[in-house]
Amino acid sequence: MESSIFNCNVIELAKINNRAGNITPIHGLREVPFSIKRVYYLYDVPGGETRGGHAHYDLHQLIVSASGSFDVILDDGKNKKVVNLNRPNYGLYVTPGIWRDLVNFSSGAVLLVLASMPYVESDYIRDYESFLKLKNI
Ligand code: TYD
């Protein structure tokens, strides 16, 4: 399974602002390089809790902090990087084949995900040793 954390980039999104606040629109195949088939959001994460802890075979995602702040730790089996998301007009594009951990949620954080596929449990790799094997490590 080929994929590198160096292909996972932070994308700056439009911010349409006026004195009454901001709007950030996101379209499939425009701001993100996939069509959007699912939207979900994580919220009410208790202090100190971590989420994620898996990779995907085929899923592409854009992860946005709609509110608050958290860190995404990306791992391709060889290299790791930590990306802090804390502004709603930036999104982290995550390719298939990348292990991700979600940590350091601020209180009230809302993690918005735009995803390229519906939820399919068989697309998950939840065991780190199996992940490393798939990456030939
Ligand atoms: P999971 O993706 O493991 O959570 P996270 O990466 O945020 O820690 O999902 C947790 C549970 O939620 C999983 O057992 C199935 C369910 N779930 C759905 O039913 N639909 C979805 O779109 C998602 C993302 C999760």
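See the structure shown above.
Residues numbered from 1 in each chain as written. Predicted model: local features only at pLDDT ≥ 70, side-chain atom pairs only at ≥ 80, totals over all residues. Heavy atoms only, no water.

S.K.: Provide a residue-level description of the overall build of the protein chain, including the pertinent values.
M.R.: Along the protein chain, the regular secondary structure elements total 1 helix and 12 strands. Each helix and strand of the protein chain, ordered N terminal to C terminal, gives the series β-β-β-β-β-β-β-β-β-β-β-β-α. The C-alpha radius of gyration computed for the protein chain amounts to 15 Å, which stays within 12% of the reference 14 Å derived for 137 residues, consistent with globular compactness. Along the first, second and third principal axes, the C-alpha set of the protein chain runs to 50 × 35 × 25 Å. A total of 137 residues make up the protein chain; the buried ones form 41% of that total. A separation threshold of at least 6 residues defines the contact pool for the protein chain, and within that pool the share at least 24 residues apart is 77%. Here the protein chain has roughly 7,700 Å² of accessible surface; of this, 49% comes from carbon and sulfur atoms. (Helix = DSSP H or I, 4+ residues; strand = E, 2+ residues; numbered from the N terminus. Rg over C-alpha atoms; globule rule 2.2 N^0.38 Å. Buried < 20%, exposed > 50% of the residue type's maximum accessible area, 1.4 Å probe, protein only. Contact = heavy atoms within 4.5 Å. Areas by Shrake-Rupley, 256 points an atom, 1.4 Å probe, with all protein chains shown as cover.)

S.K.: Pulling in residues and values, what's your account of the nonpolar core?
M.R.: Within the largest apolar cluster, 21 residues are counted, with the highest numbers of intra-cluster contacts made by I63, F70, V72, L74, F105 and L111. When contributions to this core are tallied by element, the ones reaching two or more residues are strand 7 (70–75), strand 8 (80–85), strand 9 (90–94) and strand 11 (110–115). Setting aside residues up to four positions removed in sequence, L74 forms contacts with I5, C8, N79, K80, K81, L92, V94, I98, W99 and R100. Counting residues in hydrophobic clusters, the runner-up holds 8 residues, among them F34, L62, V64 and L114. (Core = buried A, V, L, I, M, F, W, Y, C linked by side-chain atoms within 4.5 Å.)

S.K.: Run through the environment of E129, naming residues and quoting values.
M.R.: Take E129: it is sitting in helix 1 (residues 128–134). Judged by relative accessible area, which is 52%, E129 ranks as exposed. Remark: the alpha-carbon pair of E129 and G77, spanning 52 residues in sequence, is separated by 9.9 Å.

S.K.: Hey, could you go over the pattern of salt bridges for me, with residue numbers and the actual values?
M.R.: Here the idea is simple: oppositely charged side chains can pair when their charged atoms come close. Scanning the entire structure with this criterion turns up 1 salt bridge. Ionic pairing is found between E121 and R126, a salt bridge with its closest N-O pair at 2.8 Å. You can call E121 partly exposed: its relative accessible area is 37%. Exposure remark for R126: the relative accessible area of 46% places this residue in the partly exposed category. (Salt bridge = Lys/Arg side-chain N within 4 Å of Asp/Glu carboxyl O.)

S.K.: Tell me about the sheet that holds strand 7, residues and numbers included.
M.R.: Pairing is antiparallel across the open sheet formed by 5 strands, whose spatial order is 8-7-10-5-12. Edge strands, defined here as strands with exactly one partner in the open sheet, are strand 8 and strand 12 (124–125). As judged from the 2 bridges shared by strand 5 (residues 51–56) and strand 12, these two strands associate in the antiparallel manner. Bridge assignment links A55 to a residue of strand 12, and that residue is I125. (Pairing = 2+ DSSP bridges.)

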